[in-house]
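Here are the chains, one letter per residue:
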Protein chains: 2
Amino acid sequence: MKLQLAIDLLNKEEAAKLAQQVEEYVDVVEIGTPIVINEGLGAVELMSQSVKKVQVLADLKIMDAAGYEVSQAIKYGADIVTILGVAEDASIKAAIEEAHKSGKELLVDMIAVQDLEKRAKELDELGADYIAVHTGYDLQAEGVSPLESLRTVKSVIKNSKLAVAGGIKPETIQSVVDEGPDLVIVGGGIANAEDPVEAAKTCRNIVDGKQDVTI
Amino acid sequence: MKLQLAIDLLNKEEAAKLAQQVEEYVDVVEIGTPIVINEGLGAVELMSQSVKKVQVLADLKIMDAAGYEVSQAIKYGADIVTILGVAEDASIKAAIEEAHKSGKELLVDMIAVQDLEKRAKELDELGADYIAVHTGYDLQAEGVSPLESLRTVKSVIKNSKLAVAGGIKPETIQSVVDEGPDLVIVGGGIANAEDPVEAAKTCRNIVDGKQDVTI
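The rules we used
Residues numbered from 1 in each chain as written. Chains lettered and ligands numbered in written order. Predicted model: local features only at pLDDT ≥ 70, side-chain atom pairs only at ≥ 80, totals over all residues. Heavy atoms only, no water. Least-squares fit on C-alpha atoms with pLDDT ≥ 70 in both. Contact = heavy atoms within 4.5 Å. Helix = DSSP H or I, 4+ residues; strand = E, 2+ residues; numbered from the N terminus. Buried area = accessible area lost by both parts, 1.4 Å probe. Polar contact = N/O pair within 3.5 Å; in protein donor to acceptor, adjacent residues only side chain to side chain. Nonpolar A, V, L, I, M, F, W, Y, C, P; charged D, E, K, R; others polar. Patch = residues over 30% accessible without salt bridge, like charges linked within 9 Å, V, L, I, M, F, W, Y side chains within 5 Å. Areas by Shrake-Rupley, 256 points an atom, 1.4 Å probe, with all protein chains shown as cover. Salt bridge = Lys/Arg side-chain N within 4 Å of Asp/Glu carboxyl O. Buried < 20%, exposed > 50% of the residue type's maximum accessible area, 1.4 Å probe, protein only. Arc of directions from axis to C-beta. Core = buried A, V, L, I, M, F, W, Y, C linked by side-chain atoms within 4.5 Å. Axes fitted to C-alpha atoms, helices over the stretch in contact; angles between N-to-C directions. Left-handed = near helix turned anticlockwise from the far one by under 90°. Pairing = 2+ DSSP bridges.

> Please clarify how the relation of the copies chain B and chain A should be interpreted in this entry.
When chain B is fitted to chain A, the residual RMSD is 0.0 Å, and the transformation amounts to a turn of 180° plus an axial shift of 0.0 Å. Between the two chains, the operation in question is that of a two-fold axis. Among all C-alpha atoms of chain B, that of glycine 40 of chain B lies closest to the rotation axis, at 2.0 Å. A share of 100% of the interface residues of chain B reappears at the interface of chain A, consistent with the copies meeting face to face through the same patch.

Next up, the structure:
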């Protein structure tokens, strides 16, 4: 099981610095959509130059011009690029093709997908590397959690890896890990913690199934 | 009827220069999603500082953290901000509220919305300023045009203004204008024309219903 740190609300220099601090404990660091919108792909470039042992994910949430956008993200150093599950199949196919051409991966973000079971099956068949169940900020504010959606998607996919994101914290990650996803994405739970390194370490231990964990 | 120039594939300096050249003929200039992803909101800022008589649209295609993203776009000079029609209602509401707080407008992009009639009705009731029928690049490549969708949306909205985008060119804009939208969005049809100023002028004349037009 892999652990990803999603960084959304720092500038690109702060994001790179935080990633270096927790690099030992995570497998993937994400330049979140708000940073991409604020600063562009230069933030992905700086991140990819700043970390050594982890993959870099560019959370572009692509909706159109998918082949072009994936190629741009990879040019700037992304190892994994995101597209929206609500995008047209033509866009999903172009994105997968472009990512695989460079030996990179595509993560499909299921945010706002209405029929999760149907769409997850389709994306699995289209060849998505990851399918990510994601409760966004705007629904987290309404008290929604991704656990039930995680089970729904897990029950139908055969080839894609399963990822999960949405308000996961050191205090709640165990319940997510118990569902057995391939990739657990933690954002503010690490980035906004009083001690981000300690929070990352706690998440790592739980993801690795270590028992001697005190929170 | 308003005319918008969408700029997708230039860098921010080239985009600002092109906007200045055609400012006389358009009502809105758009910093397209590919430019936002490549260069961030600084591209919107430069555009808003470079033009005088036109509105600036930031094509963020927001999917989450909608209030925050709208406020950022406005901070950098956007007059109109885009959100995806496939986004959750909670996101749409937050975006509309944030835009109206500053006297700015929200355009909802209907790209990849499966039930156009149902969603357009809902967005109209939620208070979207514009509802934009949009055939994206990836479906244009499959020969899809936005004309039929335009009629569908027009038949159900009561308060929102109607916008249309997707492969519109000086040679084809008349058929779009004939449907009576409130905002016609032209991208490559002007930006990639041999003479962008002449193409913008042609589009302006057709949008204004002038008869003495030769293409």
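> Explain the environment of valine 177 of chain B to me, please; I cannot follow it from the model alone.
All names here are of chain B. With respect to the element layout, valine 177 can be found in helix α9 (residues 173–177). For the pair valine 177 and valine 207, spaced 30 residues apart in the sequence, the C-alpha separation amounts to 6.2 Å. Once residues within four sequence positions are removed from consideration, valine 177 is found in contact with Met1, Val184, Ile206 and Val207.

> Could you clarify how one ought to interpret the interface of chain B and chain A in this entry?
A common way to state how big an interface is: give the accessible area lost once the parts meet. Listed as interface residues are 34 residues of chain B and, on the opposing side, 34 residues of chain A. Carbon and sulfur atoms make up 60% of the surface buried where chain B meets chain A, a total of about 2700 Å² over both sides. Our count for the contact surface shared by chain B and chain A stands at 18 residue pairs in polar contact (both at pLDDT 80 or more). When residues in the side of chain B that touches chain A are grouped by element, the largest group, 6 residues, is from helix α2 (residues 33–39) of chain B. A breakdown of the residues in the side of chain B that touches chain A according to their chemical character gives 18 nonpolar, 9 polar and 7 charged.

> Mind showing me how you'd approach a nonpolar patch on the surface here?
A contiguous nonpolar patch, built from Leu9 and Tyr137 of chain A together with Tyr68 of chain B and spanning about 280 Å² of accessible area, is present on the exposed surface. Counting through the fold element by element, tyrosine 68 of chain B comes out in helix α4 (residues 66–75).

> Explanation requested: helix α8 (residues 147–154) of chain B in the structure shown.
Every α-helix carries 3.6 residues per turn, so stepping three or four residues along brings you back to the same face. All names here are of chain B. Among all positions of α8, only Leu147, Leu150 and Val153 are buried. Axial view of α8: buried residues confined to an arc of 125°, hence all on one face. Along its buried surface, α8 packs onto α6 (116–126), β6 (130–134), β7 (161–165) and α9.

> Help me understand the nonpolar core in this model?
A general feature of soluble globular proteins is that nonpolar side chains tend to end up buried together. Formed by 140 residues in total, the largest nonpolar core has its most connected members in Ile173 of chain A together with Ile173 of chain B. Residues within four places of isoleucine 173 of chain B in sequence aside, it is in contact with Leu3, Ile168, Val184, Val186, Cys203, Ile206 and Val207 of chain B.

> What's the story with the packing of helix α5 (residues 89–101) of chain A against helix α6 (residues 116–126) of chain A in this structure? I'm lost.
Working note: a packed helix pair is described by the angle between its axes plus the distance between those axes. Residue and element names in this part refer to chain A. Where α5 meets α6, the closest approach of the two axes is 10 Å, and the angle between their N-to-C directions is 35°. With respect to the hand of their crossing, α5 and α6 are arranged in right-handed fashion. Residue-level contacts link Asp89, Ile92, Lys93 and Ile96 of α5 to Arg119, Leu123 and Leu126 of α6. By residue class, the composition of the contact of α5 with α6 is 4 nonpolar, no polar and 3 charged.

> Any chance you could explain the sheet that holds strand β5 (residues 105–109) of chain B here in plain terms?
Residue and element names in this part refer to chain B. The parallel closed barrel is built from 8 strands, whose spatial order is β1-β2-β3-β4-β5-β6-β7-β8. Mean inter-strand twist for the sheet, computed between neighbouring axes without regard to direction, equals 25°. Here 3 bridges tie strand β3 (residues 55–62) to strand β4 (residues 80–84), and the two strands are oriented parallel to one another. Each bridged residue has a counterpart across the sheet, and for isoleucine 62 the counterpart in β4 is isoleucine 83. Helix-sheet contacts for helix α5 (residues 89–101) involve β4 and β5, and the interaxial angle to β5 is about 150°. Lying on the sheet, α8 is in contact with β6 and β7; it crosses β7 at an angle near 170°.

> Where do I start with the pattern of salt bridges in this structure?
Any two side chains of opposite charge can pair if their charged atoms end up close together. According to the stated counting rule, one finds 20 salt bridges over all chains in the structure shown. Across the salt bridge formed by lysine 118 of chain A and glutamate 122 of chain A, the nearest N and O atoms sit 3.3 Å from each other. A residue pair is termed a helical-turn pair when its members lie 3 or 4 positions apart in one helix, as lysine 118 of chain A and glutamate 122 of chain A do in helix α6 at 4 residues. The partly exposed category is assigned to lysine 118 of chain A, whose relative accessible area is 49%. By relative accessible area, glutamate 122 of chain A is classed as partly exposed at 26%. Between lysine 161 of chain B and glutamate 105 of chain B there is a salt bridge, and its shortest N-O distance comes to 2.8 Å. With lysine 161 of chain B in strand β7 and glutamate 105 of chain B in strand β5, this pair connects stretches of sequence that are 56 residues apart. Salt bridges sharing partners connect three or more residues here, namely Asp89, Lys118, Arg119 and Glu122 of chain A.

> In this structure, what is going on with the pairing of strand β7 (residues 161–165) of chain A? I would like to understand it.
Residues and elements named next belong to chain A. Along β7, 4 of the 5 residues are buried, which leaves the element largely enclosed by surrounding structure. Looking at chain direction, strand β6 (residues 130–134) and β7 are connected through 5 bridges and run parallel. Among the inter-strand pairings, tyrosine 130 is bridged to a residue of β7, identified as lysine 161. Of the strand pairs in this sheet, β7 and strand β8 (residues 183–186) are connected by 3 bridges, and their pairing is parallel. Residue pairing in the sheet places alanine 165 in a bridge with isoleucine 185 of β8.

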